[in-house]
Amino acid sequence: MIVSFKNNKRNIFYSWLPCILVALLCLGKSTAVKAQISLGDSEKINLDYTQPKTYTIGGIVVGGVKYLDPSVLTMLSGLTVGDKIKIPSDDIANAIKKLWEQGLFEDVKISLVKIEDGEAFLEIWLKERPRLSKFAFKGSKVKKSQIDDLREKLSLTRGDVVTENLMVRAENIIKQYYVGKGYLNAEVYIQQIPDTTTSNSVILNFNIDRNQKVKIYDINIEGNSALTDYQIKKAMKETKEKGVFKPGANIEKLIYDIVKNTIKFDFEEAVNDIENYAHENVKIRIFKPSKYIESDFKEDLNSVIAKYQEIGYRDAQIANDSVINNGDNTVSVSINIDEGKQYHFRNITFVGNTVYPTELLRERLDIKKGDIYNKQLLDNNLNFNQNGLDVSSLYLDNGYLFFSATPVEVNVENDSIDLEIRIHEGQQARINRVTVKGNTKTNDHVIMREIRTLPGDLFSRAQVIRTIRELSQLKYFNNEGLQPDIQPNYKDGTVDIEYVVEEASADQIELAGGYGYGRVIGTIGLSFNNFSLKNIFNGKAYRPIPSGDGQKLSLRLQTYGKGYLSYSFSFTEPWLGGKKPNSLTLSYYHSLYRSEAAKSDPSYYEFKVDGLSVGLGRRLKWPDDFFTAGISLNLNKYKLKNYKIFSFDQTGNGDYYNINFALNIGRNSTDDPIYPRRGSDFLFSAELTPPYSLFQNKNYDRLSPAERYKWIEYHKWKFTASVFTEIAPKLVIHSRAKLGFLGAYNQNVGVTPFERFYLGGDGLSNYNNFDGREIIGMRGYTSQAIVPQNNKGLGGTIFSKYTLELRYPLTLAPSSKIFAFSFLEAGNTWGSFDSYAPFQLYRTVGVGVRIFLPIFGIIGLDYGYGLDDIPGNPNAGKGQFHFSLNNSID
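Thresholds applied
- Residues numbered from 1 in each chain as written.
- Predicted model: local features only at pLDDT ≥ 70, side-chain atom pairs only at ≥ 80, totals over all residues.
- Heavy atoms only, no water.
- Helix = DSSP H or I, 4+ residues; strand = E, 2+ residues; numbered from the N terminus.
- Buried < 20%, exposed > 50% of the residue type's maximum accessible area, 1.4 Å probe, protein only.
- Contact = heavy atoms within 4.5 Å.
- Areas by Shrake-Rupley, 256 points an atom, 1.4 Å probe, with all protein chains shown as cover.
- Pairing = 2+ DSSP bridges.
- Axes fitted to C-alpha atoms, helices over the stretch in contact; angles between N-to-C directions.
- Polar contact = N/O pair within 3.5 Å; in protein donor to acceptor, adjacent residues only side chain to side chain.
- Salt bridge = Lys/Arg side-chain N within 4 Å of Asp/Glu carboxyl O.
- Patch = residues over 30% accessible without salt bridge, like charges linked within 9 Å, V, L, I, M, F, W, Y side chains within 5 Å.
- Phe/Tyr/Trp six-rings, centres within 6.5 Å; stacked < 30°, edge-to-face > 60°.
- Parallel < 35°, antiparallel > 145°, perpendicular 65-115°, else oblique.
- Nonpolar A, V, L, I, M, F, W, Y, C, P; charged D, E, K, R; others polar.

A count of helices and strands for the protein gives 16 helices and 37 strands. Out of the 890 residues belonging to the protein, those deemed buried represent 42%. In the protein, of all internal contacts separated by at least 6 residues, the share reaching a separation of at least 24 is 62%. A total of about 47,200 Å² of accessible surface is found on the protein, and carbon and sulfur atoms cover 54% of it.

Another aspect to go through is the pairing of strand 25 (residues 606–619). Side-chain positions along a regular strand alternate between the two faces of the sheet. In this structure, strand 24 (residues 582–594) lies alongside strand 25, joined through 13 bridges in antiparallel fashion. Looking at the pairing, Ser583 lines up with Gly617 of strand 25.

On to the sheet that holds strand 8 (residues 201–209). Here we have three strands laid out as an open sheet, ordered 6-8-7, and mixed in their pairing. At either margin of the open sheet sits one strand with a lone partner, and together these are strand 6 (131–138) and strand 7 (187–194). The average angle at which neighbouring strand axes cross in this sheet is 20°, direction not considered. Relative to strand 8, strand 6 is paired through seven bridges, and the arrangement is parallel. Residue pairing across strands places Arg131 opposite Ser201, the latter belonging to strand 8. Strands in contact with helix 5 (residues 144–154) are strand 6 and strand 8; relative to strand 6, the strand with the most contacts, it is inclined by about 150°.

Assignment of secondary structure puts Ile465 in helix 15 (residues 461–473). Since its relative accessible area comes to 42%, Ile465 is described here as partly exposed. For the pair Ile465 and Thr453, spaced 12 residues apart in sequence, the C-alpha separation works out to 9.9 Å.

The next subject is the side chain of Lys233. With respect to the helices and strands, Lys233 occurs in helix 7 (residues 229–235). A distance of 3.3 Å separates a polar side-chain atom of Lys233 from the backbone oxygen of Ile219.

This part takes up the side chain of Arg773. The residue Arg773 is located in the loop between strand 31 (757–759) and strand 32 (774–776) in this model. A polar contact of 3.5 Å, which involves the side chain of Arg773, links it to the side chain of Tyr758.

Okay, the pattern of salt bridges next. Across all of its chains, the model carries 36 salt bridges by this definition. A salt bridge links Arg779 to Glu805; the shortest N-O distance between them is 3.2 Å. With a gap of 26 residues between them, Arg779 in the loop between strand 32 and strand 33 (798–813) and Glu805 in strand 33 connect regions that are remote in the sequence. Assessed through its relative accessible area of 0%, Arg779 is described here as buried. The exposure class assigned to Glu805 is buried, which follows from its relative accessible area of 2%. A salt bridge links Glu825 to Lys801; the shortest N-O distance between them is 3.7 Å. Of this pair, Glu825 sits in strand 34 (residues 816–830) while Lys801 sits in strand 33, and the two are 24 residues apart along the sequence. Exposure class is identical for Glu825 and Lys801. Each is buried. Here the salt bridges do not stand alone but share partners, grouping Arg779, Lys801, Glu805, Arg807, Glu825, Arg850 and Asp862 into one network.

Let's shift gears to a nonpolar patch on the surface. Taken together, the side chains of Leu511, Ile524, Leu526, Leu555, Leu557, Leu565, Tyr567, Phe569, Tyr588, Leu612, Leu633 and Leu635 present a nonpolar region at the surface, about 960 Å² in accessible area. Looking at the nonpolar patch, the elements that each hand over two or more residues are strand 21 (519–531), strand 22 (551–561), strand 23 (564–573) and strand 26 (627–641). Tallying contributions element by element places strand 23 first for the nonpolar patch, with three residues. Inspection of the secondary structure assignment puts Leu612 in strand 25. Residue class for Leu612 comes out partly exposed when judged on its relative accessible area of 43%.

What follows concerns the packing of aromatic side chains. Within a pair of aromatic rings, the relevant descriptors are the distance that separates the centres and the angle that separates the planes. Enumeration over the complete set of coordinates arrives at 34 aromatic pairs. Ring centres of Phe137 and Phe206 lie 5.5 Å apart, and the angle between their planes is 25°; this geometry places the pair in the stacked category. Of this pair, Phe137 sits in strand 6 while Phe206 sits in strand 8, placing them 69 residues apart in sequence. Each member of the pair, Phe137 together with Phe206, is buried. Arranged with centres 5.1 Å apart and planes meeting at 25°, the rings of Tyr638 and Phe754 form a pair that is stacked. With Tyr638 in strand 26 and Phe754 in the loop between strand 30 (731–743) and strand 31, the pair connects residues that are 116 residues apart, well separated along the chain. The same class applies to Tyr638 and to Phe754, which are both buried.

Time to look at the pairing of strand 30. Relative to strand 30, strand 29 (residues 715–728) runs antiparallel, the two being bridged by 13 bridges. Bridge assignment links Thr720 to a residue of strand 30, and that residue is Lys738. Where strand 29 hands over to strand 30, the hairpin turn is made up of two residues, of which Lys730 adopts a positive phi near 75°. Summarising the sheet, strand 30 and strand 33 pair through 10 bridges and their orientation is antiparallel. Paired with Lys738 across the two strands is Lys801, which belongs to strand 33.

We now examine the packing of helix 3 (residues 70–77) against helix 4 (residues 90–100). Running from N to C, helix 3 and helix 4 cross one another at 120°; their axes reach a closest spacing of 8 Å. On the basis of the axis angle, helix 3 is oblique to helix 4. Judged by residue contacts, Leu73, Leu76 and Ser77 of helix 3 engage Ala95, Lys98 and Leu99 from helix 4. In terms of residue class, the contact of helix 3 with helix 4 is made up of four nonpolar, one polar and one charged.

Mapped onto the elements of the fold, Gln784 is located in the loop between strand 32 and strand 33. Its relative accessible area of 11% is what places Gln784 among the buried residues. Taking the C-alpha atoms as reference points, Gln784 and Ala876, separated by 92 residues in sequence, lie 9.3 Å from one another.

The three strands lie next to each other as 14-16-15, forming an open sheet whose pairing is mixed. With partners counted over all chains shown, the strands left at the sheet margins are strand 14 (344–351) and strand 15 (404–413), one partner each. Put simply, the sheet's adjacent strands are angled 25° from each other on average, direction ignored. Where strand 14 and strand 16 (residues 416–424) come together, six bridges link them in parallel fashion. Each bridged residue has a counterpart across the sheet, and for Phe345 the counterpart in strand 16 is Ile417. The strands that helix 11 (residues 358–365) touches are strand 14 and strand 16; relative to strand 14, the one it contacts most, it runs at about 140°. Across the sheet, helix 12 (residues 375–383) lies against strand 14, strand 15 and strand 16, angled at about 150° from strand 15, the strand it touches most.

With that settled, the discussion passes to unusual backbone geometry. Note on backbone geometry: most residues besides glycine have negative phi, and most peptide bonds are trans. A cis amide bond links Arg543 with the next residue in sequence, Pro544, at an omega value of -5°. Cis geometry marks the peptide bond from Trp622 to Pro623; its omega dihedral reads 0°. Looking at where Pro623 falls in the secondary structure, it is placed in the loop between strand 25 and strand 26. Backbone geometry at Lys475 places phi at a positive 70°, although glycine is not the residue there. The topology assignment puts Lys475 in the loop between helix 15 and strand 18 (483–489).

Here it is, written out as structure tokens:
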């Protein structure tokens with residue numbers, strides 16, 4: 001750039017004007033900040049202010065500093081020994097300005113000490129700002145957790161120079177922190193106190209008065225007709241009105257409207273009437289508190305526009321918005337909406353597709369001519385939807401990683417839009433490398449065997465998603481942190497995939513104490529869910545136990561004292577042989593119930609149970625690869641000595657043997673083992689003993705119970721189904737059904753008194769499980785309260801139970817996942833098919849919470865209220881609290 005000036009007085013004036021303004025500014029600032037220019041004793045030095053002279057800087061001395069390097073300060077001033085300088089001139093003022101701009105000093109002076117042989121000797125005198133010694137937060141309502149957050153945000157350290165900028169920055173950070181929590185009127189006063197223990201140091205006290213939280217009293221909406229006020233407010237996820245109850249609500253009109261719409265079979269409108277009434281007349285905030293945060297409000301306005309665009313109002317916009325302070329720690333929000341007009345899809349064409357025909361792409365897009373224009377639906381059905389039936393999945397699941405589909409509006413006419421979807425297919429990409437990152441405890445081979453994207457395979461998005469699910473099901477990693485890092489290489493048409501994992505605690509401790517059956521029962525258990533058996537003799541592998549090979553080792557002990565002791569052991573190898581997902585499970589348990597009398601006492605009794613189980617499991621590929629199957633051989637021995645509790649045998653003596661073969665087939669497609677939002681879980685199981693009586697010629701009517709049931713025989717069938725549906729972000733409906741049937745091979749023997757079904761309570765404890773009974777939890781009733789009537793106290797041979805839960809997470813943090821829910825349950829047991837009445841069910845309602853802590857597992861607390869009385873047991877229902885640890889009681 002070339003700049004030229006004509007030689008005239010006016011241009012000379014304008015060329016010097018900036019210099020004059022800068023000099024005046026420096027002079028004004030130097031005065032304001034107490035910086036001083038001192039030329040010593042001008043009379044002795046004989047300075048003439050009207051005729052500046054040029055001197056050589058003969059020496060510079062820096063004084064007043066303690067923590068800073070004098071040579072560095074001299075360099076920062078711009079003054080150098082040997083340089084030529086005019087005295088007096090702006091050179092000194094500029095040096096002061098440079099030093100002041102460092103923000104390290106309260107006072108800056110430059111003095112002319114002497115002039116000798118044409119050399120000027122200068123002294124720079126500086127007063128350093130104080131250093132930070134320590135700081136504290138004051139305020140009656142300042143919580144410790146908030147102090148920890150503020151310390152992290154401020155990032156102050158001992159020795160920092162306390163400048164005006166530091167204090168202004170700190171004040172703004174603290175205010176913004178509280179504004180983010182809804183305290184718009186938070187005040188901060190910073191107090192500096194000299195630290196007498198350290199020279200030139202101060203203590204900063206941040207005195208905080210957050211004042212009251214500012215809530216949103218009401219949200220007023222204008223200009224809307226396509227969406228109701230309720231629908232718009234519902235779209236605003238963070239901006240919510242203060243919870244109030246409005247008096248004078250017209251409930252009669254609501255009932256009239258509901259009945260009218262029901263008669264017309266317009267159920268959707270009836271539901272809308274209820275929602276609008278609840279929103280307008282009973283505004284209650286539970287999960288989302290009311291507070292005004294400007295950034296959230298602006299984001300919610302974008303959500304409102306997105307909601308309009310979902311129903312075809314492509315041009316909708318916020319005409320204006322305002323926030324009015326009501327003066328009582330509330331604000332009123334007003335929103336004026338310009339809806340525009342509603343658009344529809346008209347002609348949709350595909351160009352550039354050669355791999356798949358247009359008809360198939362139209363089917364996947366699933367948008368018809370005349371449908372309301374919905375940009376979000378278009379994007380979802382092109383790129384990704386939850387069902388995996390979008391256009392992109394056709395290509396991305398077949399290796400076309402470089403595929404793209406770009407919708408272009410080629411014509412907008414009246415209320416119709418023509419689209420051209422331009423397809424770029426690219427070439428198929430094969431997987432080059434697959435790596436894992438972030439595993440510090442789990443061995444690579446445990447992760448790699450779950451990965452479904454192998455080197456050499458065509459890239460498949462579906463297999464990447466499935467791999468993430470499989471890794472999540474291991475429970476070794478933080479599910480929220482599981483991420484695939486896909487690195488395409490466009491040059492050679494390959495892709496590298498790196499799965500990033502974050503280790504979580506897989507081992508669990510069970511420490512429980514509960515009151516049941518008139519006693520306090522204590523339980524201690526250890527579950528090592530990522531165990532390594534091969535390193536059990538390797539001392540270096542104990543951290544604190546050998547781990548990393550994906551095996552499971554469980555130990556459990558339960559007792560209430562001398563009269564009861566139960567312990568169990570189980571070990572599972574999920575990949576027997578290391579090459580295929582074939583699991584092996586070994587388990588043993590022992591229980592002893594006895595009186596506290598001496599064994600020589602005639603009243604002494606005992607009941608001993610020993611069990612051994614060996615099981616094999618396998619993942620199936622048909623009907624699909626979500627299926628699993630397992631078989632097991634179970635050996636149980638029940639030994640009674642003077643145990644006169646069984647209603648079927650009052651002698652109280654005998655040995656009973658239960659040898660059964662179990663088969664189970666299941667399918668689990670849930671997306672998360674702790675808080676599933678979608679998917680299902682089905683399990684069918686059959687348990688069969690040998691039919692001893694069919695091979696023996698005995699008159700069972702004449703046999704004693706000890707002989708009749710010595711070799712226990714039965715066939716047992718159970719079915720469980722759970723379905724998870726996300727009806728709103730994170731809000732999940734869980735529906736569940738459990739059914740069971742216990743049958744006999746020989747009617748002369750009858751159904752065994754062992755292995756019966758007992759319904760009620762939390763289903764938590766193995767205590768009192770002396771006859772192989774199966775306790776099915778049902779909240780709202782006492783433990784095992786629901787049994788068939790007139791059945792001599794025995795459990796049912798048939799049971800059914802149905803559960804419906806509405807779940808919402810309070811936190812999904814990896815350190816603790818917490819979700820709350822409400823539930824409806826219904827169930828019953830029957831003694832035979834003759835009495836079976838599938839619709840005669842005991843009902844209960846209630847609420848509960850589940851807390852997942854990695855080291856303790858799932859902790860449950862439920863309150864259920866039984867709606868039906870149990871004949872002969874009036875105290876079994878009504879309100880009941882239930883506690884569970886690592887046990888599902890639904």
